[in-house]
Amino acid sequence: MARRLSAFRDWDRVGDRLTWYFSVARDVKPAKYLLARRIGCTLDLPTATLDELWIEHDLATTRFLDLWTETRQRGVRLTGLPPENPSLLDLTAELVRRMMARCTFCRWNCRVDRTIDAKHGTCQLNDLSRVASYFDHHGEELVFRGYAGSGTVFFTSCNMRCQFCQNGDISHDKNNGILVTPREVAAMAWQLRRAGCHNINWVGGEPTVHLQTIVEAIRQMGSPPSRRDLASVQRVNQGTMALLLPSEEPGVYEGEFNVPMLWNSNFFMSPETMRILRPLVDVWLSDFKFGNNQCAVFLSRTPWYFETVATNHKLVYDWGEDLVIRHLIMPGHVECCTKPVLNWIAANVPKALVNVMDQYRPEYACDPLSHAYDDRYRTMARHPNANEVLEAYAYARELGLRFQDLSYEKNVTGLRA
Ligand code: SF4
């Protein structure tokens, strides 16, 4: 109990920036997807053109935002608002299915048809998804792990190629993990929430490249999973997930399954994907790594990095969403990456919560002991030193960023500025 109360106290310290997320996590408010299910659309979805679907989506999103605002300010009785058929959730799932036939999920804009297994885009994926593991993650920021963990689903593959990736076995190997259906992913979410998790943490690899599976899973969260689905997901690695606490019934709002959706991403999404996610995501957890495109190309083989990631941060911030930005201090990259990223945050999204992370360790192509080691990355084969970490923290403090609460509670060096 003491552990539980201390976690909630910490939530309260940053609660002014994560109001919506905390209220959904505590089942005081309904998750966005429960509201989106109440927004109807008039189109015949299978026969509508893509343009018609997007126009309808814009109109439905406007109505969704009105309902969301009312819910935030005054609350809403779901019992007085029956689900619509088709709803904004159905429309979103249809749009994502169409997008995948000429994939524009992320900034690579590959425009390959992922429904036929012929030519792959940068992520190398077709329309199927694999999950490497799912469990109650106790390594995330305290605001996400709380006392019962963050309900994390690790999808395979990524649209970036970070040469120091700590999840290289997942993100660089598209065949890692177990093939799953959206129905099974919905069952995982249900199991995680019933085990007490405070959120469903969509991550990888990268969740964006699995948009079709995640959106469909969210759409199907309305009904409890079947025994068969629950049995089926036992194939996937669950770590040592804690069993359901019998005295707890987390995840219910007016009788409906309720859990905040956490988008844990590199933020390399396309503008279309940002529109898709807006009525679905309750809290955004981004990774803002590089302060310039040269470093992004060298270390992650990713062009158009800075403008894409910055634009998406600005969108989320201007939408008034709950947002936590992670920035990893990399060895030798304080001047070229840390300072420009922190400068940009201070100038453009100044009230966002920031986690300036000191946990970089050489992995994958930057680890001389790894089979993947590449000597071109030898300058990355060390931890950031104390001067670099202290300089990053001091810079964030001088800029007036809100980073201490998230950065210090679990940093590995124990350094403070
Ligand atoms: S998700 Fe991104 S990288 Fe993958 S095919 Fe689509 S646009 Fe390309």
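Just above, that's the structure.
The structure displayed is predicted, hence computed values, not measured ones.

Participant: What exactly am I supposed to notice about the sheet that holds strand S10 (residues 353-357) here?
Facilitator: Sheet strands line up and pair through hydrogen bonds in the backbone, either parallel or antiparallel. Pairing in this open sheet of 8 strands is mixed, and the strands run S3-S1-S2-S4-S7-S8-S9-S10 from one edge to the other. Of all strands in the sheet, those with a lone pairing partner are strand S3 (178-180) and S10, marking the two edges. In this sheet, neighbouring strand axes are inclined to one another by 30° on average, regardless of whether the strands run parallel or antiparallel. Bridge count for strand S2 (residues 150-155) against strand S4 (residues 200-203) is 4 bridges, and the pairing is parallel. Opposite Val153, over in S4, you have Trp202 as the bridge partner. Along the sheet, helix H9 (residues 211-219) makes contact with strand S1 (129-137), S2, S4 and strand S7 (261-265), crossing S7 at roughly 170°.

Participant: Sorry, what's going on with the site of the ligand here?
Facilitator: Residues in close proximity to the ligand include Cys103, Phe105, Cys106, Trp108, Asn109, Cys110, Val112, Arg114, Gly121, Thr122, Cys123 and Val209, which together make up its full environment. According to the grid-proximity analysis, the pocket containing the ligand is the largest cavity. Looking at the shell around the ligand residue by residue, the classes come out as 8 nonpolar, 3 polar and 1 charged.

Participant: Would you take a moment to explain the layout of surface pockets for this structure?
Facilitator: Regions of empty space are outlined by a rolling probe, equal in size to a water molecule, passed over the atoms. Of the voids in this model, the largest pocket is the one considered here, and its volume is about 960 Å³. In terms of lining residues, the largest pocket is bounded by 41 residues, among which Gln166, Asn167, Arg326, Met357 and Gln359 are the most central. Elements that contribute at least two residues to the lining of the largest pocket include exactly S1, S2, S7, strand S8 (283-287), strand S9 (323-328), S10 and helix H16 (404-408). For the lining of the largest pocket, the per-class residue count stands at 14 nonpolar, 17 polar and 10 charged.

Participant: Just checking my understanding: could you explain empty space enclosed by the protein for this structure?
Facilitator: What the rule picks out here adds up to 3 cavities of 30 Å³ or more. Size it by volume and the largest cavity reaches roughly 100 Å³. Surrounding the largest cavity, 15 residues form its lining, Cys103, Cys106, Cys110, Arg114 and Cys123 being those nearest its centre. Looking at side-chain class alone, the lining of the largest cavity contains 9 nonpolar, 5 polar and 1 charged residues.

Participant: Got a minute to help me understand unusual backbone geometry in this structure?
Facilitator: For residues other than glycine, phi is negative in most cases, and the peptide bonds are mostly trans. Omega for the peptide link from Asn85 to Pro86 comes to 0°, which places this bond in the cis form. The residue Pro86 is located in the loop between helix H4 (50-74) and helix H5 (88-100) in this model. Cis geometry is adopted by the peptide bond preceding Gly205, which originates at Gly204 and carries an omega value of 20°. Although it is not a glycine, Glu254 sits at a positive phi angle of roughly 45°. You can see Glu254 is positioned in the loop between strand S5 (252-253) and strand S6 (256-257). We note that Phe267 has phi near 65°; this positive angle belongs to a residue other than glycine. Looking at the element boundaries, Phe267 is found in the loop between S7 and helix H11 (271-277).

Participant: Looking at this structure, I do not really get the packing of H5 against H9. What am I missing?
Facilitator: When two helices pack together, their arrangement is given by the angle between the helix axes and the distance between those axes. Between H5 and H9, the shortest axis-to-axis distance is 9 Å and the interhelical angle comes to 165°. As the angle between them shows, H5 and H9 are arranged roughly antiparallel. Judged by the sense of rotation from one axis to the other, the crossing of H5 with H9 is left-handed. The segment H5 lies against H9, with Leu89, Asp90, Thr92, Ala93, Val96, Arg97 and Met100 engaging Leu211, Gln212, Val215, Glu216, Ile218 and Arg219. For the contact of H5 with H9, the per-class residue count stands at 7 nonpolar, 2 polar and 4 charged.

Cut-off values and rules
Residues numbered from 1 in each chain as written. Predicted model: local features only at pLDDT ≥ 70, side-chain atom pairs only at ≥ 80, totals over all residues. Heavy atoms only, no water. Pairing = 2+ DSSP bridges. Helix = DSSP H or I, 4+ residues; strand = E, 2+ residues; numbered from the N terminus. Axes fitted to C-alpha atoms, helices over the stretch in contact; angles between N-to-C directions. Contact = heavy atoms within 4.5 Å. Near = heavy atom within 4 Å. 1 Å grid on protein atoms, 1.4 Å probe; cavity = no way out; pocket = protein on both sides within 12 Å on 5 of 7 lines; lining within 4 Å. Sits in = over half its atoms within 2 Å of the grid points. Nonpolar A, V, L, I, M, F, W, Y, C, P; charged D, E, K, R; others polar. Points joined across faces, edges and corners; volume = space filled by probe spheres on them. Parallel < 35°, antiparallel > 145°, perpendicular 65-115°, else oblique. Left-handed = near helix turned anticlockwise from the far one by under 90°.

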